[in-house]
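One-letter residues, chain by chain:
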Amino acid sequence: MSSINDLTVFHQTALHGSLTAAARELDMTPAAASAAIKRLEQSLDTALFVRSTRSLRLTSEGESYLLHCRAALNALDAGRRELLAKKGEISGTLRISASSDFGRNLLMPWLDEFQTQYPNLVLRLELTDRVADINRENVDIALRYGAPPDSNHVAFNIVNTRRIICGSPAYFERHGDPLTPQDLRHHNCLLYLVDERAYDQWGFHDGDQRISVNVKGDRISNDAEAVHRWAVAGVGLANKSMLDMSDDLLHGRVRATLSQYACAEISMYLVCPGKKQVTPAALLLRDFLREKCSAALAAVE
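Focus: the nonpolar core
Point 1. Counting 42 residues, the largest nonpolar core has F102, L243 and L285 as its most contacted members.
Point 2. Those elements that provide at least two residues to this core are β3 (92-98), α5 (100-117), β5 (141-145), β6 (154-167), α7 (224-233), β14 (265-272) and α9 (280-298).
Point 3. Of the residues forming this core, the biggest block, nine residues, is contributed by α9.
Point 4. Here L243 is in contact with F102, L106, Y145, V159, T161, M268, C293, A296 and L297, once residues within four sequence places are set aside.
Point 5. With 16 residues, the next largest nonpolar core counts A198, I211, V215 and Y261 among its residues.

Looking at the packing of aromatic side chains
Point 1. Summed over all chains, the structure comprises six aromatic pairs.
Point 2. Three or more aromatic residues link up through ring pairs in this structure, and these residues are F10, F49 and Y65.
Point 3. When the ring centre of F156 is taken as reference, the NZ or CZ atom of R286 above it lies at 4.8 Å.

With respect to the packing of helix α1 (residues 4-16) against helix α3 (residues 30-44)
Point 1. Interhelical geometry of α1 versus α3 gives an angle of 105° and a closest axis separation of 9 Å. If you check the angle between α1 and α3, you find them roughly perpendicular. Along its contact with α1, which presents N5, D6, L7, V9, F10 and T13, the element α3 presents A33, A36, I37, R39 and L40.
Point 2. Residue classes in the contact of α1 with α3 are distributed as seven nonpolar, two polar and two charged.

Here's the deal with the environment of L94
Point 1. Looking at where L94 falls in the secondary structure, it is placed in strand β3.
Point 2. The exposure class of L94 is buried, given its relative accessible area of 3%.
Point 3. Placed 43 residues apart in sequence, L94 and R51 show a C-alpha to C-alpha distance of 42 Å.
Point 4. If we skip the residues at most four places from it in the chain, L94 touches L121, V122, L123, R124, D140, I141, A281, A282 and L285.

Comments concerning the sheet that holds strand β7 (residues 191-194)
Point 1. A sheet is described by the order of its strands in space; here three strands give the open sequence β8-β7-β11, paired in mixed fashion. Of all the strands in the sheet, the pair left with one neighbour each is β8 (197-198) and β11 (220-221).

Notes on unusual backbone geometry
Point 1. Although it is not a glycine, D27 adopts a positive phi angle of roughly 55°.
Point 2. With respect to the helices and strands, D27 occurs in the loop between α2 (19-25) and α3.
Point 3. Given a relative accessible area of 69%, D27 falls into the exposed group.
Point 4. The phi dihedral of L258 is positive, around 55°, even though this residue is not glycine.
Point 5. Of note, L258 is situated in the loop between β13 (255-257) and β14.
Point 6. The exposure class of L258 is buried, given its relative accessible area of 4%.

Reading the values: the criteria
- Residues numbered from 1 in each chain as written.
- Predicted model: local features only at pLDDT ≥ 70, side-chain atom pairs only at ≥ 80, totals over all residues.
- Heavy atoms only, no water.
- Core = buried A, V, L, I, M, F, W, Y, C linked by side-chain atoms within 4.5 Å.
- Buried < 20%, exposed > 50% of the residue type's maximum accessible area, 1.4 Å probe, protein only.
- Helix = DSSP H or I, 4+ residues; strand = E, 2+ residues; numbered from the N terminus.
- Contact = heavy atoms within 4.5 Å.
- Phe/Tyr/Trp six-rings, centres within 6.5 Å; stacked < 30°, edge-to-face > 60°.
- Lys NZ or Arg CZ within 6 Å of the ring centre and 35° of its normal.
- Axes fitted to C-alpha atoms, helices over the stretch in contact; angles between N-to-C directions.
- Parallel < 35°, antiparallel > 145°, perpendicular 65-115°, else oblique.
- Nonpolar A, V, L, I, M, F, W, Y, C, P; charged D, E, K, R; others polar.
- Pairing = 2+ DSSP bridges.

Laid out in structure tokens, this is it:
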């Protein structure tokens, strides 16, 4: 019988497509992660991955087993959460900081669902596009794009996504699609202020070539949610996280353009000021958000 730890390593390795990334996520050495995979393969008498010097991919048997592994881990996690809730251990106040766009469009409805599972938990949510200084402010966790610069913080990767250039169907009917990044100079680009400076230089990759385009538009805001709403309303094109726009993409309120050119990849982290804030409630929210974010992206990718 394989241990839960070995199943977890297998699941994370399949999820990330990298043994090193899985080991980093699980706070273990790559050697220990590799040993866990080998134990699991030996117990099943089956190769789960095809390995090469530069890649790692699931075998057909591995793909089949992954479905059972994910179901088993989800069932065990659901049982753990139910026991914790019955014991009354998930209570108190969890203070959360998140960006305006992600917070209003995705996080708020997800937190409603999370709180029904843990009714004794009080959630205090701060929505701001200013990066919260969690060392000084009264915050237990912050949800941020990009790894935190402070090595004293405890950071958990929630999801990896990428930026997209998107607009409403009505906008594209009126103005057409840009065919190259340079064509964006002739479109109304919705700009977001970062530290009081307009984010007006949009980057792309065409293979190994880096492309940078200076864009302009007639609307600028320091609120990411405002840029989101303008894009949905057909005012112009936005450079946004695919996660933030996932529900609009799913329901056809916006669509992506210039998809043949790769935009920047970005990651969301759940950041705690220190180990004291890594409570059972914070860890449960981490796992819950990983599941929700992955599902949201899977629906549109």
